[in-house]
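# Analysis of the macromolecular model
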Amino acid sequence: MTFKGMLDSDMDIFFNTDEFAETAEYRYQDAEPPTSISVLTDFQADLETTSIGQRATGFIFCRKDQLADEPKFKDTVTVFSKKWIVDKVVQSGDGRAYQLLVYRDARAILSKANK
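Notes on the structure follow. (Residues numbered from 1 in each chain as written. Predicted model: local features only at pLDDT ≥ 70, side-chain atom pairs only at ≥ 80, totals over all residues. Heavy atoms only, no water.)

## Comments concerning the side chain of Thr-57
Put simply, the test is: Helix and strand definitions here come from DSSP, where helices need a minimum of 4 consecutive H or I residues and strands a minimum of 2 consecutive E residues; each element is numbered from the N-terminal end. Only protein chains enter the calculation, and the probe is 1.4 Å; a residue is then buried if its accessible area is under 20% of its type maximum, exposed if over 50%, and partly exposed in between. We call two residues contacting when some pair of their heavy atoms lies within 4.5 Å.
Mapped onto the secondary structure, Thr-57 falls in strand β4 (residues 53-63). Overall, the relative accessible area of 8% leaves Thr-57 in the buried class. Those residues in contact with Thr-57, other than ones at most four positions away along the chain, are Phe-43, Gln-44, Glu-48, Trp-84, Val-102 and Tyr-103.

Below you can see the structure in the form of structure tokens.
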């Protein structure tokens, strides 16, 4: 088996929902209905503080061949019944997968001066 064949085989295992992956719904901003895909997730335990507040963040990994187009900023991914918003897209070095930096629950921090 070639190295490319081994990578394809590994991806089939990792993105198998009976093994490691979860089923998610990917929705492009301008498209209906959502696309069902398999994803790997890595959600952060701590909230990220931004210039305007706090938000939950994480990474979602998905196969390129399961999406009709490239993921874009502000697309959404629903996994574990929670909607995550795409903030940044990174394509893997071999072009087979995307790493999506996602966030949810963005909230402003109100200072005591604003009360």
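Now that the structure has been shown, the text picks up again.
## Focus on the pairing of strand β5 (residues 76-79)
Selection criterion: Pairing between strands is defined by DSSP: at least two bridges between the two strands are required.
Pairing analysis gives 3 bridges linking strand β1 (residues 22-27) to β5, with the strands arranged antiparallel. Bridging across to β5, Arg-27 finds its partner in Thr-76. Across 4 bridges, β5 lies against strand β6 (residues 82-91) in antiparallel orientation. Bridged to Val-77 within β6 is Trp-84. The loop that links β5 with its antiparallel partner β6 comprises 2 residues; one of these, Phe-80, has a positive phi angle of about 55°.

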